[in-house]
Amino acid sequence: MNEVLVLFAHPRFEKSRNNRALLAGIERMEGVTINDLYEQYPDFNVDADREKSLLTEHDVLVWHFPFYMYGAPALLKQWMDVALEYGWARGSGGDALAGKIVFVVVTLGGARDSYAPGRQHQYPLREFLLPFAQTAALCGMVYLPPFAVHGTHRLTDGQLDEHVSAYHRLLRRMTAGGLSPASIHHYDYLNDWLQSEEERS
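Conventions we followed
- Residues numbered from 1 in each chain as written.
- Predicted model: local features only at pLDDT ≥ 70, side-chain atom pairs only at ≥ 80, totals over all residues.
- Heavy atoms only, no water.
- Helix = DSSP H or I, 4+ residues; strand = E, 2+ residues; numbered from the N terminus.
- Rg over C-alpha atoms; globule rule 2.2 N^0.38 Å.
- Contact = heavy atoms within 4.5 Å.
- Areas by Shrake-Rupley, 256 points an atom, 1.4 Å probe, with all protein chains shown as cover.
- Lys, Arg positive; Asp, Glu negative; His and termini not counted.
- Charge placed at Lys NZ, Arg CZ, Asp CG, Glu CD.
- Phe/Tyr/Trp six-rings, centres within 6.5 Å; stacked < 30°, edge-to-face > 60°.
- Buried < 20%, exposed > 50% of the residue type's maximum accessible area, 1.4 Å probe, protein only.
- Arc of directions from axis to C-beta.
- Polar contact = N/O pair within 3.5 Å; in protein donor to acceptor, adjacent residues only side chain to side chain.
- Axes fitted to C-alpha atoms, helices over the stretch in contact; angles between N-to-C directions.
- Parallel < 35°, antiparallel > 145°, perpendicular 65-115°, else oblique.
- Nonpolar A, V, L, I, M, F, W, Y, C, P; charged D, E, K, R; others polar.
- Core = buried A, V, L, I, M, F, W, Y, C linked by side-chain atoms within 4.5 Å.
- Salt bridge = Lys/Arg side-chain N within 4 Å of Asp/Glu carboxyl O.

Asker: Got a minute to help me understand the overall build of the protein chain in this structure?
Answerer: The helix and strand inventory of the protein chain stands at nine helices and six strands. The C-alpha atoms of the protein chain give 16 Å as radius of gyration, which agrees with the globular expectation for 201 residues (17 Å, within 12%). For the protein chain, long-range pairs separated by at least 24 residues make up 75% of all intrachain contacts whose partners lie at least 6 apart in sequence. When the accessible surface of the protein chain is summed, it comes to about 9700 Å², and 49% of that surface belongs to carbon and sulfur atoms. Of the side chains in the protein chain, 18 bear a positive and 25 a negative charge, and the two mean positions are spaced by 5 Å.

What follows is the structure, given as structure tokens:
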């Protein structure tokens, strides 16, 4: 069984209908730990030793955040700068995270088809997330496609429930282990992979 660490960063979590729904009940899932960065570090003073201990204890890491102006909230970048230390997570002798699975979970206002050449946002979502892919590569981690919830301002309660259910099923798959990253990489989103796997089973 894998231990999954959700590194959640949302500066206005109390106002986020979608993220409140996505996280509801996760703390009761066996093998899943939520690390709410804005709750833990309201002063941005990230405790490197605490974070390194959590990272060491978990096999799968999830960067979960709202997509603000084509990037993550500032505290997640601060967390990366502090927790992913040279000589520990990267660089000479920095192999503490090597082989761990990592992926992004992101909520976005824009529709999925708006992230394409010639459309409003011009580029696929995965291109905006390249810094996360490269960070994972620098640390020797196995980077998977993102899990994305698009069109957050227009979701009906039923549509949001479907996303919540899919996210929770995804986390259970991650805790169960036995995944083949090579069979997942060609999907644009983990949402697509999960649906494909469930249709085959």
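Asker: For this particular structure, what's the right way to read the packing of aromatic side chains?
Answerer: Throughout the structure, instances matching the rule amount to 11 aromatic pairs. Judged by centre distance (4.8 Å) and plane angle (15 degrees), the ring pair of Tyr70 and Phe128 falls under stacked. Of this pair, Tyr70 sits in the loop between strand 3 (60–66) and helix 4 (74–83) while Phe128 sits in helix 5 (residues 125–128), and the two are 58 residues apart along the sequence. Judged by its relative accessible area of 38%, Tyr70 is partly exposed. Residue class for Phe128 comes out buried when judged on its relative accessible area of 18%. On the numbers, 5.8 Å between centres and 90 degrees between planes, the contact of Tyr115 with Phe128 is edge-to-face. One end of the pair, Tyr115, is in the loop between strand 4 (101–107) and helix 5; the other, Phe128, is in helix 5, with 13 residues separating them in the sequence.

Asker: What am I meant to see in the environment of Ile34 here?
Answerer: With respect to the helices, strands and loops of the structure, Ile34 is situated in strand 2 (residues 32–36). In sequence terms Ile34 and Arg20 are 14 residues apart; their C-alpha atoms lie 13 Å from each other. What Ile34 contacts, discounting residues up to four positions off in sequence, is Val6, Leu23, Ile26 and Glu27.

Asker: Got a minute to help me understand helix 3 (residues 48–57) in this structure?
Answerer: Among the residues of helix 3, Ala48, Glu51, Lys52, Leu54 and Leu55 are the ones counted as buried. End-on view of helix 3: buried residues confined to an arc of 160 degrees, all on one side of the axis. Residues of helix 3 that are exposed and point over 90 degrees away from its buried face: Asp49 and Thr56. Check the buried side of helix 3 and you find it contacts strand 1 (4–8), strand 2, helix 2 (37–40), strand 3 and helix 4. The distance from a side-chain oxygen at the start of helix 3 to the backbone nitrogen of Asp49 is 3.1 Å, and the residue carrying that oxygen is Asp47.

Asker: Where do I start with the packing of helix 3 against helix 4 in this structure?
Answerer: Each packed pair of helices is defined by two parameters, the angle between the axes and the distance between the axes. Viewed as axis vectors pointing N to C, helix 3 and helix 4 meet at an angle of 85 degrees, and their least axial separation amounts to 9 Å. The orientation of helix 3 with respect to helix 4, classified from their angle, is roughly perpendicular. Mapping the contact onto sequence places Ala48, Glu51, Lys52 and Leu55 in helix 3 and Trp79, Val82 and Ala83 in helix 4. By residue class, the composition of the contact of helix 3 with helix 4 is five nonpolar, no polar and two charged.

Asker: Help me understand the nonpolar core in this model?
Answerer: For soluble globular proteins, nonpolar side chains are generally found buried alongside one another. Ranked by size, the top nonpolar core spans 37 residues in total, and within it Leu55, Trp63, Phe65, Phe67, Trp79 and Phe132 carry the most contacts. Counting only elements with at least two residues in this core, the list comes to strand 1, helix 2, helix 3, strand 3, helix 4, strand 4, helix 5 and helix 6 (130–138). Looking at this core element by element, the count peaks at five residues for helix 4. Formed by 29 residues, the second largest nonpolar core is a distinct cluster that contains Leu144, Val164, Tyr167 and Trp193.

Asker: Is there a simple way to think about the pattern of salt bridges in this case?
Answerer: Where side chains of opposite charge bring their charged atoms close, a pairing between them can arise. Tallied over the full model, the rule gives eight salt bridges. Put simply, Arg173 and Glu197 hold a salt bridge, and the shortest N to O gap is 3.4 Å. Placement of the pair is Arg173 in helix 7 (residues 157–176) and Glu197 in helix 9 (residues 190–200), with a sequence separation of 24 residues. The partly exposed category is assigned to Arg173, whose relative accessible area is 29%.

Structural measurements only, silent on function.
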